[in-house]
Amino acid sequence: MVARKPLYYSVFGVLLTWAMLASQAASALEGLRHDAPQRYEVVPGDTLWDISARYLRSPWQWPSLWQANPQVRNPHLIYPGDVLLLGTCQGQPCLSLERGQGIVKLSPQMRTVPEREAITPIPMEVVRSFLREHRVVEPGENLQELAYVVGGDNQRLISGAGDTLYVRGQVPARGILGIYRPGEPYIAADGTLLGDELINIGEARYVSSEGDIARIEVLSAYQEVRNNDILLPLEDRELSDTFMPRAPLNDVAGQIVAVPGGVRFIGRLQIVALDLGSQDGLQPGHVLRVNQQGELVNDPRTQELLRLPETEAGLVMVFRPYNHMSYALVMQASRVLEVGDSVRTPTQ
């Protein structure tokens, strides 16, 4: 009997992705690495991106190389112990899977397969941890209209877990509340507000209310709760594991507008905010190329000041798009990235 965790990739979702990426197949196969292994055994800690990068110079083009295995149950899931085989399908390179079973023999009459967890597209705990601490308020929602802390028991200015707080504004009587502190607003290059960052500092529950003042109990606090902190129902923090690395179907172009946490220089597996969102067609799993502006040089003959062409500096993958902006994870960085670097659909 085989016991496994919930599926990370639905067959329908993968087939739909293949259909959308059919036009990219030829260029993906041309991008096969010269040192791609003929046989690779998946190990714990691998991600779909890691494995893709072993075979392709453009890891997001994985679906055009992958060959479904109808003889294997749930062939689109990949587990530690599975073996990937590089071969030929209709004259083109393709990958097929040899399912590793990890069988443990218990007796002559009984055997079992240990529970296994399918590999994830990217290091999911990195982004889950981030989403536990950050959320975005869309431009149409005024921060000044949200419920906020006006005081604590015994006129406390700072409170913690187990304390009672008083909040002014609309507070739902059911469900867990998040306690947030406003961070930096996300601003586009033209000055447009993309959204306001909120930093989660704790959780609370409703106790009672009188008029527009609600009494709440602090259940947990990662920092001291202060007057003017904001109360909101907790955002759904579950991040879908069903997305796959892929390029957007449309041409998009924008910028890195911020690095949550105030970091100036950006490297691999750091999170960035982009001035592109779902209204621009971005979805979880979309990969964008990062370009850095070329240097200014003097023409040695005319003495003109010239701007050299942009240089490709890395790749980011969107994991949480909002209407006007997105959070993305840096997957590759050949140079140190910075706020202001441009992002765009990668060349196919």
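What comes next is a walk through the structure. (Residues numbered from 1 in each chain as written. Predicted model: local features only at pLDDT ≥ 70, side-chain atom pairs only at ≥ 80, totals over all residues. Heavy atoms only, no water.)

### So, the nonpolar core
Then, number 1: Ile122, Tyr186, Phe319, Met325 and Tyr327 are the most contacted members of the largest nonpolar core, which totals 26 residues.
Then, number 2: Here this core takes 4 residues from helix H4 (residues 124-133), the largest share from any one element.
Then, number 3: Leu48, Trp66, Leu86 and Met244 belong to the second-largest nonpolar core, a separate cluster that totals 18 residues. (Core = buried A, V, L, I, M, F, W, Y, C linked by side-chain atoms within 4.5 Å. Buried < 20%, exposed > 50% of the residue type's maximum accessible area, 1.4 Å probe, protein only. Helix = DSSP H or I, 4+ residues; strand = E, 2+ residues; numbered from the N terminus.)

### Some thoughts on H4
Then, number 1: For H4, every residue scored as buried is listed here: Met124, Val127, Phe130 and Leu131. Seen along its axis, H4 keeps its buried residues to an arc of 130°; they face one direction. (Arc of directions from axis to C-beta.)

### Description of the state of the cysteines
What is meant by a disulfide is a covalent connection between two cysteines, made through their sulfur atoms.
Then, number 1: Across all of its chains, the model carries 1 disulfide by this definition.
Then, number 2: Here Cys89 pairs with Cys94 through a disulfide, and the sulfurs are 1.9 Å apart. The sign of the S-S torsion, about 55°, decides the handedness of the disulfide formed by Cys89 and Cys94: right-handed. (Disulfide = S-S within 2.5 Å.)

### Topic: the environment of Ala221
Then, number 1: One can find Ala221 in strand E13 (residues 213-221).
Then, number 2: In this structure Ala221 comes out as partly exposed when scored by relative accessible area, which is 29%.
Then, number 3: A C-alpha to C-alpha distance of 9.9 Å links Ala221 and Gly178, two positions 43 residues apart in sequence.
Then, number 4: When near neighbours in sequence (up to four residues on either side) are disregarded, Ala221 contacts Gly160, Ala161, Ile201 and Gly202. (Contact = heavy atoms within 4.5 Å.)

### Here's the deal with helix H3 (residues 48-55)
Then, number 1: Taken as a whole, H3 has its buried residues at Leu48, Trp49, Ile51, Ser52 and Tyr55. The buried residues of H3 occupy an angular sector of 165° when the element is viewed end-on, so they sit on one face.
Then, number 2: Where H3 is buried, its residues contact strand E2 (39-41), strand E3 (83-89), strand E4 (92-98), strand E19 (287-292), strand E22 (311-321) and strand E23 (326-333).

### Quick notes on the pattern of salt bridges
Then, number 1: Across all of its chains, the model carries 8 salt bridges by this definition.
Then, number 2: Across the pair Asp229 and Arg181 runs a salt bridge whose closest N-O atoms are separated by 2.8 Å. Linking Asp229 in the loop between strand E14 (225-226) and strand E15 (230-233) with Arg181 in strand E11 (residues 177-187), this pair joins segments that are 48 residues apart in sequence. Across the pair, Arg181 and Asp229 agree in class, each one buried.
Then, number 3: Note that Arg344 and Glu310 form a salt bridge whose closest N and O atoms lie 3.9 Å from each other. Taken together, the residues Arg344 in strand E25 (residues 342-344) and Glu310 in the loop between strand E21 (305-307) and E22 connect sequence positions 34 residues apart.
Then, number 4: You can call Arg344 partly exposed: its relative accessible area is 27%.
Then, number 5: Assessed through its relative accessible area of 41%, Glu310 is described here as partly exposed. (Salt bridge = Lys/Arg side-chain N within 4 Å of Asp/Glu carboxyl O.)

### Digging into the sheet that holds E4
Then, number 1: Taken in spatial order, the 3 strands line up as E2-E3-E4 in an open sheet, and their pairing is antiparallel. Strands with a single pairing partner mark the edges of an open sheet, and in this sheet they are E2 and E4. If you compare each strand with its neighbour and ignore which way they point, the axes differ by 30° on average.
Then, number 2: Relative to E4, E3 is paired through 7 bridges, and the arrangement is antiparallel. Along E4, the bridge assignment pairs Leu84 with Leu97.
Then, number 3: Lying over the sheet, H3 contacts E2, E3 and E4, oriented at roughly 160° with respect to E2. (Pairing = 2+ DSSP bridges. Axes fitted to C-alpha atoms, helices over the stretch in contact; angles between N-to-C directions.)

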